[in-house]
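Listed below, chain by chain, are the residues.
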Amino acid sequence: MQGGHNFQSFVNQGIQQRFQYNPTTGVRELFVNPQNPDNRYYGKMALESYFGRANVDFLDRYLLTMTLRADASSLFPSDRRWGYFPAAGFAWKMKEESFLKDSKVFNDLKLRLGYGVTGNSDIRSQGYYPYIALFSPGNQNGQYLPGVNVFSANAFNPNLTWEKTATTNIGLDFDLFKSGFLSGSIDVYMRRTTDLLATTSFPPGQFLTNQFVSNCATMTNKGAEVNLVAKIINSDNMNWSINGNISYNKGNVDEIKGSTRIAAAGGGLPGIGRTLSYHAVGEQPQSAWVFEQVYDNAGQPIPDVFVDRNGDGEITDKDKYYVALVPNWTFGFGTTFNYKNFDLNASFRGQLGGKVYNSAKYQYGWEQKVVPNVSQNLNNNLDGDLPFVTIAENSVVSDYFLENATFLRCESLSIGYKFDKLYKSTTMRVYVGANNLFILTKYSGQDPENFNGIDTNFYPRPRVFNMGVNIDF
Amino acid sequence: MKIIIRNLATAILFVALGTSCSSELDTKPVIEQSFENLLQQDPNIAKGLVSRMYATFALTGPNGPGSSDIVANDAGESAFLRGIINLQDFTADDMKNRWGDDGLDQLTTTSNWTQNNKFFRYLFDRVYYTVPQTTNLIVALNNVNVPDKALYISELRFLRSLAYYYMIDCFGKGVLLTTENYGTTTPLPEASRAQMFNYVEQELLAIEDELPITNEYGRANKSACRMLLAKLYLNAEVYTGTPRYSDALTYVNKVITEGGYTLAPNFLQNFSADNETCPEIIFPLIADAQTSQSYGNTTYLVNGSMNSDTMPISLFGATSGWGGHRATKAWYGLFGSSAAELASSSDIRASLFWTAGHSYEMNDYKTWTDGYPCTKFRNTNFLSSSSPTNFSSTDFPLFRLADAYLMYAECVLRGATGGSISQALTYVNDVRTRSGASAITQADLILDFIIDERGRELNFEGHRRSDLIRFGKFTGGSYLWPWKGNSLNGASIPDTYKVFPLPLTALDANPNLTQNPGY
C-alpha cells in the first residue's frame, strides 16, 4: 500500500512597459496606465492531491491494483473544488495457469480488466479566478467619463467543477509462437465523459457576458485498439520485424445541458465568423453542420443551391445535416530490417474516413477575392472553383467543401550502414532518410490531416530529407 | 482483502479530513478586486463602475480598441454603436458599405438575412451584455451605501432601458432580465415585444422623477430619459399595434421646453470633434482619440467614410481611411439630382458629401467611387484647429434637439393632442433655416415631407431603419432605393424584414426563444 500528498502552486506575474506613438506628435513614448503603472499582471493557481494505492498479488496470477486520488484545484469554488478519482485494475496472468504453463504456442497471455476515472481542470484560458466575482481596472484607452477610472465586472461561473472521464477497459496481451514471433495486445474500451468543460453560450442576459466556460456536456466514446508486432526473421545476421496498429473509435454526444448543440472549440471557419463544427446531441463530437450541395451536369457546384432536405420548400438551417469530421479508423505500421551492417526503418500512418474542410477553396477560390478592396491590397491569388463569384452566408457551409480525409503518410524512411572498427573501437554509421516522404490521399487541398478537421494551411507540411554520420569513439 | 479495502477507506477518510486545511487553494487576485474591496478603497469608485456601463455603448472593452466584453469574431466589429449604424443605416436607404464581409453585404443589400449573420448577433449580444451588467451593478449598489447611490441606480436603469429599446426595435422579442429575477440560471421565458415595451415604459416613467434636469456631460438626465420614452411612444404602433403619438408628444415637448437645449448655430457643430460644447446634444456617446478608443464609436463613422484614394482625409481629421461607407442617392437625392445641384444648394447639409472623383449613381455598391462618401461626421474641431488622429474624438449624438423638433412635428401630423401645427411648422423651419434651407409653408408640412426631412437631418445617426418602418416604407415595394433587395434599382423585400432574425447562438442557449417568422 502506498499513499501520498502533493501540493503545487504556480504564480504567474510580471510587469510590462508599454509604448505608444503619441497621437499628436507621432513620437514614441512610454504609455503609462495610471491605474496600473507597471502594467502588472498576477495570477496564482494551486493544485493539491492526495493519493493512495493498494496492490494485491494473489498466487502470482491474479493482480489487483486499486488507486484513489483526491485532487483539488484553485480554479474551482471551495464546495466543488475536490474531485475523487478511483481506479481499479485487475490482471489475470493466464500463462501462469496450469493449462498454459507448458504451452509452446503461448509465451505469454494476460487478460486485463480496468476501470478508472480521471479528471480535467484545464480552463486556464479563462484566467486564474474563473469562479469569483471580480472587477478589473480598465486601461488608459478604455476610459469613458472624464476624470474617473473605469472598473469592469468580469464574467465568472460559480458552478465550475472537474470534468470527469470514466473508462472501462478490457484487454488481452499476448506473445505467441517461437521466439516471440507474434506479440501484441487487443483492447476494447468505453469512455464516458461527464461535466465536460467547454466554452458555451449562456442563456442571453443571464450571465455577465455571452460565452464562458461551463460544465456543459456528457459524451461517450467506444472503441477498440489492436497492436501487433511480428518478428519475421530473427537471426544473427538478419532481423526483420513489422509492427502495426489499428484503432476504431466512435464518439457520441449524449447530453448538453440546457441545449442540443454547442460550437466545437476551433470549429470556426477562418476569417468570416461562421461556425462549422458543433457538438450536437446524438452526433459524433465535432461534426460539421452543413448543407447538401447541388451540382450542375458538369459536376460543378451551383453556388448557394442546396438540397431541401426537409422538403418544406425553402432553404433554412433545418436543411442542414451533420457530417462527422473525426475519422473512426486510424492506423499505423512500420518495419525494421537489419542485414549485417545495413539497416532500414520505415513508418507509416493514416486514417480511413473522416472529413476535412478545404477552407483554402473558399478563402482564395472565388472571383471577387482578386478584385482589390482598396487600391493598396494585392489579392492576386485565384486558385479554385470559378463558379463562386463571391462568398456569402450559406455558400461556405456546404458539404462541397468537405472532402474525404482518408490518407496514408510515409512518416519516415531511413537507410543506414555501419562501419565497424573504423579505427580501433571507433564505429561509424552513415544514413540517409526522409520525413513525410509521401502521402497518398484523394484530398485536393494541402493536407488532409488537421487538428480540427478544417484545413487552413497556406504552406504545405515540410518534407525533410536528411543524411548524417554518427561516429562512436 | 477486506482489510485492504478498510485501509484504503481509512486513507480516503484521511484525505477528506485533510481537505479542510487547504486554505492555500483559496488563491486571491492582486490586480482584480471584489466589489467590497473596491468600495473600501474609495467609495467614489462607484462612479467608475457607472462610467463603464455608459462606455458599453461606444467601446468594445475596458482595455482599448482590441479588447471585447463579449466573445466576438472581431473585437472592433462588436461595438454597440457600430451595431446600431450597421443595422439602422446600412439596411436602410441612406448608407451602403462595400467591404464585402460575409454578413455586411446582406445588410447593405437587405437580402439573404439569416440567423447566422454575425452582425445581428453582435447587437443582440451587446444588448444582453449591457442588461445583465447594469443589473448586476444595480443589485450590488442596492446593498451598500455610497454617495449618489440613488442617482447611479437611476442612470443604470436608463442604460438598461436604452439597451432593451434596441432589442424591441431590432428583434421584436427577447428575454426580460430584471433586478427582481437577476441570478436565475434556468433559461428565462421569451418576452414579447409588448411585454418588453411595457417594462421599458414603466422603468423610464419610474426614473423620470429621479433623474436631474441637468447632469454631467455624457450622463443621462431627465431629457435623455424623456427622449427615449418619446421614441418608444412614437414607434408604439409598430411595436405593440397601439398608437401612442399623444404620449410621444407629451414627452418630446418636455424635452423641448424643459431641457434647456438649443439648436447649434451651425449644423456641423453636432458632428465635430469638439461637439461636447454643442448646445443641441441631449445624450452623446463619448469618444476620445486618446482616452476612449474604439473601432466602433464615431471612429467607425469617420474612418469608415474616408479613403485617401479620392479624398484628402486629413481635411476631416483622419489619419487612416477604411474606404467603406458611402451614402446613396436616396439620401443626397433629397437635396438635388446631380453633383452640380448639390453644389449649388444653399442647404449646408447638402454639402456634406464628397463628390469629386465619385459618381452620383451607385451602380456597384462594391466600387468605392460609386456613390458619395458622407463627411457629416468628422474628427476636426469646429471651434478651433485640431490635428488628425487615428481614433475619433467626436461624440456620437444619439439624441439631439433637432430630432426632438422633427418628432414633435410628426406627432402633430399624426393627430397627437397637446401640440399645434403652427408650433410644428416653427420647429421644422428652425431645423431647416439653421442649415440654410428655405422655410416651408404649412401646406408643405405633411408626413411625406417629415420622413424626407428626417433623412436630410438625421441620416447616419442610427434612426433611419426605424423611421422607414414607422412610415411603412421599409418593406414591400412602394419605396425603393439602390440595392434594396439586392437589386441595383431596388426590389421589394418581405414584411418579415421589419425585424431581424434572432441569432442561432441565442436560440441554442435558451430553448424558450423562438425564431421570428420568415427566418
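Residues numbered from 1 in each chain as written. Chains lettered and ligands numbered in written order. Predicted model: local features only at pLDDT ≥ 70, side-chain atom pairs only at ≥ 80, totals over all residues.

### Some points on the overall build of chain A
And then number 1: Across its full length, chain A holds 2 helices and 29 strands.
And then number 2: A compact globule built from 473 residues would reach a C-alpha radius of gyration of about 23 Å, whereas chain A, at 29 Å, exceeds it by more than 25%.
And then number 3: Taking the principal axes of its C-alpha atoms as reference, chain A extends roughly 85 × 65 × 65 Å.
And then number 4: Taken across its 473 residues, chain A has 29% of its residues classed as buried.
And then number 5: If you take every contact in chain A between residues at least 6 apart in sequence, the share linking residues at least 24 apart comes to 62%. (Helix = DSSP H or I, 4+ residues; strand = E, 2+ residues; numbered from the N terminus. Rg over C-alpha atoms; globule rule 2.2 N^0.38 Å. Buried ≥ 20, exposed ≤ 12 C-beta atoms within 10 Å, placed from the backbone. Contact = placed C-beta atoms within 7 Å.)

### What to know about the overall build of chain B
And then number 1: A count of helical and extended segments in chain B gives 19 helices and 6 strands.
And then number 2: Its C-alpha radius of gyration of 25 Å places chain B within 12% of the 24 Å reference for a compact globule of 519 residues.
And then number 3: For chain B, the C-alpha atoms occupy an extent of roughly 100 × 50 × 50 Å along the three principal directions.
And then number 4: Out of the 519 residues belonging to chain B, those deemed buried represent 57%.
And then number 5: Across chain B, contacts joining residues at least 24 apart in sequence account for 66% of those joining residues at least 6 apart.

### What about the interface of chain A and chain B?
And then number 1: Each partner contributes residues to the interface: chain A has 72 residues there, and chain B has 87 residues.
And then number 2: Breaking the side of chain A that touches chain B down by element, the ones donating at least two residues are strand S1 (2-14), strand S4 (41-58), strand S5 (62-73), strand S8 (135-137) and strand S9 (151-153) of chain A.
And then number 3: Per-element tally for the side of chain A that touches chain B: the top contributor is S4(A), with 10 residues.
And then number 4: When its residues are assigned to classes, the side of chain A that touches chain B shows 34 nonpolar, 30 polar and 8 charged. (Nonpolar A, V, L, I, M, F, W, Y, C, P; charged D, E, K, R; others polar.)

### Description of the sheet that holds strand S25 (residues 402-404) of chain A
Residue and element names in this part refer to chain A.
And then number 1: One open sheet accounts for 3 strands, arranged S25-S24-S28; its pairing is mixed. Both outer strands of the open sheet, S25 and strand S28 (454-455), are each paired with one neighbouring strand and no more.
And then number 2: Pairing of strand S24 (residues 355-358) with S25, which is carried by 3 bridges, proceeds in the antiparallel orientation. Residue Val 356 lies in a different strand from S25, and its bridge partner there is Glu 403. (Pairing = 2+ DSSP bridges.)

### Section: the confidence of the model for chain A
And then number 1: Summing up the model confidence of chain A, the mean pLDDT is 88 and the portion of residues at 70 or higher is 94%.
And then number 2: Within the model, the stretch residues 374-380 of chain A combines pLDDT values under 50 with 9 contacts to residues more than four positions away or in other chains. (pLDDT = per-residue confidence, 0-100.)

### Concerning the pairing of strand S10 (residues 163-176) of chain A
All names here are of chain A.
And then number 1: Looking at chain direction, strand S7 (residues 106-120) and S10 are connected through 14 bridges and run antiparallel. Bridge assignment links Leu 109 to a residue of S10, and that residue is Phe 174.
And then number 2: Direction of pairing for S10 relative to strand S11 (residues 182-201): antiparallel, over a ladder of 13 bridges. Its bridge partner being in S11, Thr 165 is matched across the sheet by Thr 193.
And then number 3: Between S10 and the antiparallel strand that follows it, S11, lie 5 residues; Phe 177 among them carries a positive phi value of about 65°.

### Topic: the nonpolar core
And then number 1: Counting 200 residues, the largest nonpolar core has Ala58(B), Ala230(B), Ala248(B), Val252(B), Tyr405(B), Tyr408(B) and Cys411(B) as its most contacted members.
And then number 2: It is helix H7 (residues 149-171) of chain B that contributes the most residues to this core, 14 residues altogether.
And then number 3: If sequence neighbours within four positions are ignored, Val252(B) has contacts with Ala230(B), Ala404(B), Met407(B), Tyr408(B) and Cys411(B).
And then number 4: By size, the runner-up hydrophobic cluster in this structure holds 6 residues, among which are Ala46(A), Ala70(A), Ala72(A) and Leu25(B). (Core = buried A, V, L, I, M, F, W, Y, C linked by C-beta atoms within 7 Å.)

### Points about the sheet that holds strand S18 (residues 287-290) of chain A
Strand pairing in a sheet is mediated by backbone hydrogen bonds. Such pairs are either parallel or antiparallel.
Residue and element names in this part refer to chain A.
And then number 1: Pairing is antiparallel across the open sheet formed by 4 strands, whose spatial order is S14-S17-S18-S21. Strand pairing shows two members of the sheet lacking a second neighbour, strand S14 (261-263) and strand S21 (321-324), which therefore form its edges. On average, each strand axis in the sheet is tilted by 45° relative to the strand beside it, whichever way the strands run. (Axes fitted to C-alpha atoms, helices over the stretch in contact; angles between N-to-C directions.)

### Considering the environment of Ala230(A)
Residue and element names in this part refer to chain A.
And then number 1: Looking at where Ala 230 falls in the secondary structure, it is placed in strand S12 (residues 211-234).
And then number 2: What makes Ala 230 partly exposed here is the crowd of 17 C-beta atoms within 10 Å.
And then number 3: As a C-alpha pair, Ala 230 and Leu 182 span 48 residues in sequence and 4.5 Å in three-dimensional space.
And then number 4: Residue contacts for Ala 230: discarding those within four places in its chain leaves Phe 181, Leu 182, Ser 241 and Ile 242.

### Let's talk about helix H15 (residues 401-413) of chain B
All names here are of chain B.
And then number 1: Between the first and last C-alpha of H15 there are 19 Å, a value that for 13 residues agrees with the 18 Å anticipated at 1.5 Å per step.
And then number 2: Most of H15 is tucked away: 12 of the 13 residues are buried.
And then number 3: Buried residues of H15: Leu 401, Ala 402, Asp 403, Ala 404, Tyr 405, Leu 406, Met 407, Tyr 408, Ala 409, Glu 410, Cys 411 and Val 412, and no others.
And then number 4: On its buried side, H15 packs onto helix H9 (222-234), helix H11 (245-258), strand S4 (281-285), strand S6 (396-400), helix H16 (421-434) and helix H17 (447-458).
And then number 5: Within two residues after H15, Gly 415 carries a phi angle of roughly 90°, on the positive side. (Expected span 1.5 Å × (residues − 1).)

### A word on the pairing of strand S22 (residues 329-339) of chain A
Residues and elements named next belong to chain A.
And then number 1: Where strand S13 (residues 238-256) and S22 come together, 11 bridges link them in antiparallel fashion. Each bridged residue has a counterpart across the sheet, and for Asn 245 the counterpart in S22 is Gly 332.
And then number 2: Relative to strand S23 (residues 342-352), S22 runs antiparallel, the two being bridged by 11 bridges. The residue bridging Trp 329 from the neighbouring strand is Leu 352, located in S23.
And then number 3: Counting the residues in the hairpin turn of S22 and S23 gives 2 residues, including Lys 340, whose phi is positive at 50°.

### Some points on the packing of helix H6 (residues 118-142) of chain B against H7(B)
Residue and element names in this part refer to chain B.
And then number 1: Where H6 meets H7, the closest approach of the two axes is 9 Å, and the angle between their N-to-C directions is 160°. As summarised for this structure, H6 and H7 are arranged roughly antiparallel, according to the angle between their axes. Judged by the twist between their axes, the crossing of H6 over H7 is left-handed.
And then number 2: A per-class count over the contact of H6 with H7 returns 17 nonpolar, 3 polar and 3 charged. (Parallel < 35°, antiparallel > 145°, perpendicular 65-115°, else oblique. Left-handed = near helix turned anticlockwise from the far one by under 90°.)

### Points about the packing of H9(B) against H11(B)
Residue and element names in this part refer to chain B.
And then number 1: Where H9 contacts H11, the axes come no closer than 8 Å and their chain directions differ by 160°. Classed by the angle they form, the pair H9 and H11 counts as roughly antiparallel. Helix-helix and strand crossings are classified by hand; for H9 and H11 the assignment is left-handed. Across the interface between the two elements, Ser 223, Arg 226, Met 227, Leu 229, Ala 230, Tyr 233 and Leu 234 from H9 touch Tyr 245, Asp 247, Ala 248, Tyr 251, Val 252, Lys 254 and Val 255 from H11.
And then number 2: Of the residues contributing to the contact of H9 with H11, the split by class is 10 nonpolar, 1 polar and 3 charged.

### A word on the environment of Ile272(A)
And then number 1: Of note, Ile272(A) is situated in the loop between strand S15 (268-269) and strand S16 (274-275).
And then number 2: Note: C-alpha distance between Ile272(A) and Arg40(A) (232 residues apart in sequence) is 34 Å.

### Notes on the environment of Gln290(B)
Residues and elements named next belong to chain B.
And then number 1: Relative to the helices and strands, Gln 290 is located in the loop between S4 and helix H12 (298-304).
And then number 2: For Gln 290, a count of 16 C-beta atoms within 10 Å corresponds to the partly exposed category.
And then number 3: C-alpha separation for the pair Gln 290 and Gly 64, spaced 226 residues apart in sequence, amounts to 9.7 Å.

### Brief notes about H11(B)
Three- or four-residue spacings in an α-helix give side chains the same orientation, since the helix completes a turn every 3.6 residues.
Residue and element names in this part refer to chain B.
And then number 1: The end-to-end C-alpha separation of H11 is 19 Å, in line with the 20 Å expected for 14 residues at 1.5 Å each.
And then number 2: Regarding H11, the residues found buried are Tyr 245, Ala 248, Leu 249, Tyr 251, Val 252, Asn 253, Val 255 and Ile 256.
And then number 3: Buried residues along H11 sit against H9, S4 and H15.
And then number 4: Downstream of H11 by a residue or two, Gly 260 has a phi angle that is positive, lying close to 80°.

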